[in-house]
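# Observations on the three-dimensional arrangement
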2 protein chains.
Amino acid sequence: MTKPMGPIPAGFGSADGVLTIGGRNVVDLVREMGGTPLFVYDMGKVDAQIDHFRTLFPGIQLHYAIKANSYAPLLTHIAKQVDGLDVASAGEMRMALEAGMSPDRISFAGPGKRDEELKAAIDAGVTINLESEGEAARVLALGGKPRLAVRVNPDFEIKGSGMRMGGGAKPFGVDAERVPALVRTIIDAGADWRGFHIFAGSQSLSAEAIIEAQRATLDLAGALAEAVGEAPPLVNLGGGFGIPYVAGEAPLDVDSIGRALHDAMSQRHKLLADTAFAIELGRWLVGEAGVYLTRIVDRKVSHGKVFLVTDGGMHHQLAASGNFGQVVRRNFPIAIASRFAAPPEEEASIVGCLCTPLDRLADDVMIPRADVGDLVAVFLAGAYGLSASPQTFLGHPPAQEMVVGGALSA
Amino acid sequence: MTKPMGPIPAGFGSADGVLTIGGRNVVDLVREMGGTPLFVYDMGKVDAQIDHFRTLFPGIQLHYAIKANSYAPLLTHIAKQVDGLDVASAGEMRMALEAGMSPDRISFAGPGKRDEELKAAIDAGVTINLESEGEAARVLALGGKPRLAVRVNPDFEIKGSGMRMGGGAKPFGVDAERVPALVRTIIDAGADWRGFHIFAGSQSLSAEAIIEAQRATLDLAGALAEAVGEAPPLVNLGGGFGIPYVAGEAPLDVDSIGRALHDAMSQRHKLLADTAFAIELGRWLVGEAGVYLTRIVDRKVSHGKVFLVTDGGMHHQLAASGNFGQVVRRNFPIAIASRFAAPPEEEASIVGCLCTPLDRLADDVMIPRADVGDLVAVFLAGAYGLSASPQTFLGHPPAQEMVVGGALSA
């Protein structure tokens, strides 16, 4: 029985029947790079998301969470256009600095920061988002005048979000009721207090849920500021903006969120009048911009079912195989890139080259008839793709990456 | 509410209250290697599994599927003791050759072999397990006198196995009814036909299911040989021997399988009288021998729950986080290695250092009270561990690996 796929994101075209990314024919791109597997990131699509954000959220800072994709050319391109980069390890901190971002615009969150990472962040002048009182004590023991924000574990979460990062007992941040005391401690110790980081969830497609969480976040920031008795220089409101991956999911109504946040900001606590606010986005900025291209190396039939076997797979794009936080595997959008304009005419399953039944890219999808040599495009590969996959598994060659398009690339 | 853990495998000890692996104190091992995270593989435990196999399966070849763990010192150690290595890519083939295995004892299976991989295997004299008629045509077009076996997609599978690799439409192998014609084709083309590879499933803990599958495999091999009209030099019976990971799972009764296979062999088809038989094992040989050691970098409390945050996580041991084929996450066995002899006294969750809620090593387990600096041992890390994990995710440092113990290491 044919299974549905998620929607192919807008903005991809075709020329001579072949998929184009950023106006470039993918057959040409693969030839240029010497083969598959290949990740292509359309910086024009990233720029369009950034522009969309700027229009909808005037006066709100835009931060990029580089864990979504830290490929250097992409990161450098984005760093020029956003107000901050959020990193989750000393390794990512170095990437952010190498991308040209000023240290005072980098913040470092993450529950397991080692002492040498804390030291590296202090030395670089990067803001450390404290995850616990113990971490605060370790930072302060290292001396200097560290830039410190406090990550808050709020009592609420983005309802129905793909990944819950707040609400109840969590390994992230400090429970809200203990935050004021911690802030006083770090201020009294002579550190440079940078504000709050309040993250309530990620990968939500419900504008209503995000609006509610943002209102609650503003209220919480106001209450915490009052309890501290001082205004936070910056409040990171978190992110949570999702993108549709599978059938039945619809794009997030970001416009509504923009309007609602504008209203909520106008009613914010008076102590927050001069506070800067940031939204931290990863997946929403880059997810739809990436395409994973892989080539069909075998076409076979087993018990009447067609299998197309590719030279890529879960070692490069784990999420598409259904093994990255998903409970039930569902098809990401996928296409025969070298026959992008052809009508669907047969049901087939597309699998990776790994010798494991886990390595599936599409189950029972209707696609044009494809054969050995055809290119497969797996969409939504721009976030949590290559870097979040087990690249050395089974000893296959690494994937290549490239950026195309984007006004600043020239 | 306290959640159970899987059973800690036998054979680990303690000295001065600290976990020992192969008789070595893990605090010393970590010091020797300069820190955590660290994978330690006890070759004594691997050797014991090999000895156990030899006792139970006299006359049956033992092959190691290196996808389970291809760490070079471990692989070299195993290569000296087994009859064959099974590889799943040209990269793994090179590892097997570098481990000193003779090419005529290496077989290369995998559904997506690229032409350059097929060429490399022919040049090296490695046996190619053909996955389809199309692959056979591509191999034969490359010329030479390739060593070729045919991977069979059987009409049965190991019932209830963790991963089903046979039965119904599958991307692996050639449907049984088409195998005789394919074998005739490759023999007529002048290739060196090496036999059959029949793989019906993996990670099964049911001796009954494996016994039934092995009987069916022998019957199928006999029927295929008769249809071909020639005896296969080798029949790879597959593997499927599982190990218990989570609470409620019991070790596989391998002894019963040995007795049953002995009986089944005595009744095998007369055409198979001089055929060699192999069992291909990965996880069962190495899984229990490996321990992932990571250090606690933070101890925190959120809403009354204790979280121990480590310097390792899902980027090194994805399976323990529940994101490697599992539908529901359940706790692998885990212990505070630096307090291995201490009684459990508090409920805690152990999480990795990655800034994602997916990065969990143990949920709500009863363990000794542990603090920053203590070492955590995640057991069952010998198979599908580091190489099957997204090592570059979030830019944390790589894990180290080492072998200890084992008679041949001296």
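The paragraphs below set out a description of the structure included in this document. All of these numbers come straight from a predicted model, not from anything done at the bench. (Residues numbered from 1 in each chain as written. Chains lettered and ligands numbered in written order. Predicted model: local features only at pLDDT ≥ 70, side-chain atom pairs only at ≥ 80, totals over all residues. Heavy atoms only, no water.)

### Things to note about a nonpolar patch on the surface
The test is simple: A patch is a set of surface residues, each over 30% in relative accessible area and not in a salt bridge, joined within 9 Å for like charges and within 5 Å for the nonpolar side chains Val, Leu, Ile, Met, Phe, Trp and Tyr. To be clear on the numbers: accessible area is Shrake-Rupley with a 1.4 Å probe, and residue cover counts the displayed protein chains and nothing else. Any carboxyl oxygen of Asp or Glu within 4 Å of a side-chain nitrogen of Lys or Arg constitutes a salt bridge here. Helix and strand definitions here come from DSSP, where helices need a minimum of 4 consecutive H or I residues and strands a minimum of 2 consecutive E residues; each element is numbered from the N-terminal end.
There is a patch of nonpolar side chains on the surface, built from A:Val327, A:Val328, B:Val327 and B:Val328 and spanning about 390 Å² of accessible area. Inspection of the secondary structure assignment puts B:Val328 in the loop between strand S15 (305-310) and strand S16 (334-336).

### Description of the relation of the copies chain A and chain B
We count it as follows: Residues reaching a pLDDT of at least 70 in both copies supply the C-alpha atoms on which the copies are superposed by least squares. Two residues form a contact once any of their heavy atoms are found within 4.5 Å.
For the pair chain A and chain B, the superposition axis carries a translation of 0.0 Å, the fit reaches an RMSD of 0.0 Å, and the rotation angle comes to 180 degrees. What the rotation and shift describe, once combined, is the action of a two-fold rotation axis. Within chain A, A:Pro390 has its C-alpha nearest the rotation axis, a separation of 1.9 Å. A symmetric contact is evident, with 100% of the interface residues of chain A recurring at the interface of chain B.

### Things to note about the sheet that holds strand S1 (residues 13-15) of chain A
Strand pairing in a sheet relies on backbone hydrogen bonds, with the paired strands running either antiparallel or parallel. Residue and element names in this part refer to chain A. Condition: DSSP bridges decide pairing: two strands pair if at least two such bridges lie between them.
Taken together, three strands build an open sheet; the order of strands is S1-S2-S3 and the sheet is antiparallel. Among the strands making up the open sheet, the edge pair consists of S1 and strand S3 (24-25). Sheet topology places S1 next to strand S2 (residues 18-21); three bridges connect them, and they run antiparallel. Paired with Gly13 across the two strands is Thr20, which belongs to S2.

### Section: the packing of helix H4 (residues 90-98) of chain A against helix H5 (residues 115-124) of chain A
All names here are of chain A. Worth spelling out the cut-off: In this analysis an axis means a line fitted to C-alpha atoms, helices contributing only their contacting stretch, and an angle means the value between N-to-C directions, from 0 to 180 degrees. Orientation is classified from the angle alone, with under 35 degrees giving roughly parallel, over 145 giving roughly antiparallel, 65 to 115 giving roughly perpendicular, and any other angle giving oblique. In this count, Pro and Cys sit with the nonpolar residues alongside Ala, Val, Leu, Ile, Met, Phe, Trp and Tyr, while Asp, Glu, Lys and Arg are called charged and the others, Gly among them, polar.
The interhelical angle for the contact between H4 and H5, taken along N-to-C directions, is 25 degrees, at an axis separation of 9 Å. With respect to each other, H4 and H5 are oriented roughly parallel. Counted together, Ala90, Met93 and Leu97 of H4 and Glu117, Ala120, Ala121 and Ala124 of H5 form the full contact between these two elements. When its residues are assigned to classes, the contact of H4 with H5 shows six nonpolar, no polar and one charged.

### Focus: the interface of chain A and chain B
We count it as follows: A simple way to read buried area is as the amount of 1.4 Å-probe accessible surface that goes missing from two parts once joined, with both sides added. By the criterion applied in these results, polar contacts are pairs of N or O atoms within 3.5 Å in which, for protein atoms, one can donate a hydrogen and the other can accept it, and in which residues neighboring in sequence qualify only through two side-chain atoms.
Each partner contributes to the interface: chain A provides 70 residues, whereas chain B provides 70 residues. Of all residues in chain A, the largest losses of buried area upon contact with chain B belong to A:Lys300, A:His303 and A:Cys355, amounting jointly to 12% of the total for that side. As a salt-bridge pair, B:Arg138 and A:Asp298 come within 3.3 Å of each other at their nearest N and O atoms. Summed over the shared surface of chain A and chain B, the number is 40 residue pairs in polar contact (both at pLDDT 80 or more). Residue assignment for the side of chain A that touches chain B shows that the elements contributing at least two residues are H4, helix H6 (133-141), strand S9 (147-153), strand S14 (290-302) and strand S15 (305-310) of chain A.

### Focus: empty space enclosed by the protein
Residues and elements named next belong to chain B. As a reminder of what qualifies: A 1.4 Å probe that fits but cannot get out identifies a cavity on a 1 Å grid over protein atoms alone, an open set with protein on both sides within 12 Å along at least five of seven lines counts as a pocket, and a residue lines either if it has an atom within 4 Å of a point. Grid points are joined across faces, edges and corners, and a volume is the space filled by probe spheres set on the points.
As enumerated under the stated definition, the model contains six cavities of 30 Å³ or more in all. The space that makes up the largest cavity amounts to roughly 350 Å³. Along the wall of the largest cavity there are 29 residues; nearest its centre are Ala65, Lys67, Phe199, Ser202 and Tyr384. Only strand S6 (84-87), strand S13 (276-281) and helix H10 (283-286) provide two or more residues apiece to the lining of the largest cavity. Split by residue class, the lining of the largest cavity holds 16 nonpolar, eight polar and five charged. What the second largest cavity holds in volume is close to 270 Å³.

### Points about the packing of aromatic side chains
All names here are of chain A. Note the threshold: Pairing of aromatic rings covers Phe, Tyr and the six-membered ring of Trp, with a centre-to-centre limit of 6.5 Å; geometry is then stacked below 30 degrees between planes, edge-to-face above 60, and tilted otherwise. Any Lys NZ or Arg CZ that is within 6 Å of a ring centre and within 35 degrees of that ring's normal is treated as a charge sitting over the ring.
Across all of its chains, the model carries 26 aromatic pairs over all chains by this definition. Pairwise contacts between aromatic rings join Phe39, Tyr41, Tyr71 and Tyr292 into one cluster. Against the face of Phe108 rests Lys113, its NZ or CZ located 5.6 Å from the ring centre.

### Thoughts on the packing of helix H2 (residues 43-56) of chain A against helix H3 (residues 72-79) of chain A
All names here are of chain A. Selection rule: Handedness of each helix crossing follows the sense of rotation of the near helix against the far helix: counterclockwise by less than a right angle gives left-handed, clockwise gives right-handed.
H3 packs onto H2 with a crossing angle of 30 degrees between their chain directions and a minimal axis gap of 11 Å. Judged on the interaxial angle alone, H3 and H2 are roughly parallel. Pair H2 / H3 crosses with right-handed handedness. Along its contact with H2, which presents Met43, Val46 and Asp47, the element H3 presents Leu74, His77 and Ile78. Residues belonging to the contact of H2 with H3 are distributed by class as follows: four nonpolar, one polar and one charged.

### Digging into unusual backbone geometry
All names here are of chain A. Convention followed: Categorising residues by exposure relies on relative accessible area from a 1.4 Å probe, with only protein chains included: less than 20% of the type maximum marks a residue as buried, more than 50% marks it as exposed, and the intermediate range marks it as partly exposed.
Residue Thr36 is joined to Pro37 through a cis peptide bond whose omega torsion reads -10 degrees. Of note, Pro37 is situated in the loop between helix H1 (26-33) and strand S4 (38-42). We note that Tyr384 has phi near 50 degrees; this positive angle belongs to a residue other than glycine. Along the chain, Tyr384 falls in the loop between strand S19 (375-379) and strand S20 (400-404). On the accessibility criterion, Tyr384 (14% relative accessible area) is buried.

### Observations concerning the pattern of salt bridges
Taken as a whole and assessed by the stated rule, the structure comprises 48 salt bridges over all chains. Note that A:Asp363 and A:Arg329 form a salt bridge whose closest N and O atoms lie 3.7 Å from each other. Of this pair, A:Asp363 sits in strand S18 (residues 360-367) while A:Arg329 sits in the loop between S15 and strand S16 (334-336), and the two are 34 residues apart along the sequence. Judged by its relative accessible area of 14%, A:Arg329 falls in the buried class. The partner of B:Lys3 in a salt bridge is B:Asp364, and the shortest N-O contact between them spans 3.0 Å.

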